[in-house]
Amino acid sequence: ETGVTQSPTHLIKTRGQQVTLRCSSQSGHNTVSWYQQALGQGPQFIFQYYREEENGRGNFPPRFSGLQFPNYSSELNVNALELDDSALYLCASRDGQGGGNTIYFGEGSWLTVV
Amino acid sequence: AQSVTQLGSHVSVSEGALVLLRCNYSSSVPPYLFWYVQYPNQGLQLLLKYTSAATLVKGINGFEAEFKKSETSFHLTKPSAHMSDAAEYFCAVSEWSGYSTLTFGKGTMLLVSP
């Protein structure tokens, strides 16, 4: 049990649509990051939020955006969905920004774009 | 820039045999290193992490890993495989400071036969 919960667990969207994925972190975990895991690949870093401000982004276009809220919840929004966006999206949280702090992952949201 | 290479996309062992999963990293600064396990249709679970306290790190489920700076390696071992160890294993690297995030390898699927 990591204390990180994600919703929905599975969803199917049509190309061009928009999707919002949600995450609830452990109380006190003020750093949340999102990862995309395509089938057969390792997770790829999308972006990170610290105290409600984005402070890091991987190699993903601006149509991937996010929000972090004071109650330790967060969202990942993807606009103009493409077929290649089909993947498992993982939310991860930790207390602080230190590189050695344990990062806890949720179970993920499976997105299929058709 | 940091990177991780996991040798072997699949490793097969017999139950009771030694498990060895290889991981080599590249980092411009002293790294933190992690091993995560992912069971089918689940998120990532932390097995163990190296944060410079000791080069031999013991984790959950009988796994351990040794940090070898000269070889830039962090191989994962378990003396005796169990059927329940069958899963995908990911090695990841993070940096010491800043808004550190995880960079993952492509993963190694461990298959355990009776």
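See the structure shown above.
To keep things clear, this report deals only with the structure shown in the data block. (Residues numbered from 1 in each chain as written. Chains lettered and ligands numbered in written order. Predicted model: local features only at pLDDT ≥ 70, side-chain atom pairs only at ≥ 80, totals over all residues. Heavy atoms only, no water.)

## Points about the sheet that holds strand β8 (residues 73-78) of chain B
Residues and elements named next belong to chain B. Across the sheet, five strands lie side by side as β1-β3-β8-β7-β6; this open sheet has antiparallel pairing. On the outer flanks of this sheet lie β1 (3-7) and β6 (56-58), each paired with one strand and no other. Adjacent strand axes in the sheet meet at a mean angle of 20 degrees, parallel and antiparallel pairs treated alike. When β1 meets strand β3 (residues 19-26), the two strands line up antiparallel, connected through five bridges. Following the sheet pairing, Val4 is matched in β3 by Tyr25. (Pairing = 2+ DSSP bridges. Helix = DSSP H or I, 4+ residues; strand = E, 2+ residues; numbered from the N terminus. Axes fitted to C-alpha atoms, helices over the stretch in contact; angles between N-to-C directions.)

## Observations regarding the environment of Leu56 of chain B
Residue and element names in this part refer to chain B. Within the secondary structure, Leu56 sits in strand β6. For the pair Leu56 and His10, spaced 46 residues apart in sequence, the C-alpha separation works out to 24 Å. Beyond its immediate chain neighbours, meaning those up to four positions away, Leu56 contacts Glu64, Ala65 and Glu66. (Contact = heavy atoms within 4.5 Å.)

## Overview of the interface of chain B and chain A
Listed as interface residues are 23 residues of chain B and, on the opposing side, 24 residues of chain A. When chain B packs against chain A, close to 1800 Å² is buried across both sides, 51% of that on carbon and sulfur atoms. Connecting chain B to chain A are zero salt bridges. Joining chain B to chain A, the criterion identifies three residue pairs in polar contact (both at pLDDT 80 or more). Within the residue set of the side of chain B that touches chain A, elements represented by two or more residues are β4 (31-38), β5 (44-50) and β9 (87-95) of chain B. Counting residues per element, the side of chain B that touches chain A draws most heavily on β4 of chain B, which supplies four residues. For the side of chain B that touches chain A, the class distribution of residues is ten nonpolar, ten polar and three charged. (Buried area = accessible area lost by both parts, 1.4 Å probe. Salt bridge = Lys/Arg side-chain N within 4 Å of Asp/Glu carboxyl O. Polar contact = N/O pair within 3.5 Å; in protein donor to acceptor, adjacent residues only side chain to side chain. Nonpolar A, V, L, I, M, F, W, Y, C, P; charged D, E, K, R; others polar.)

Remember, this is a structural readout, not a statement about activity or role.
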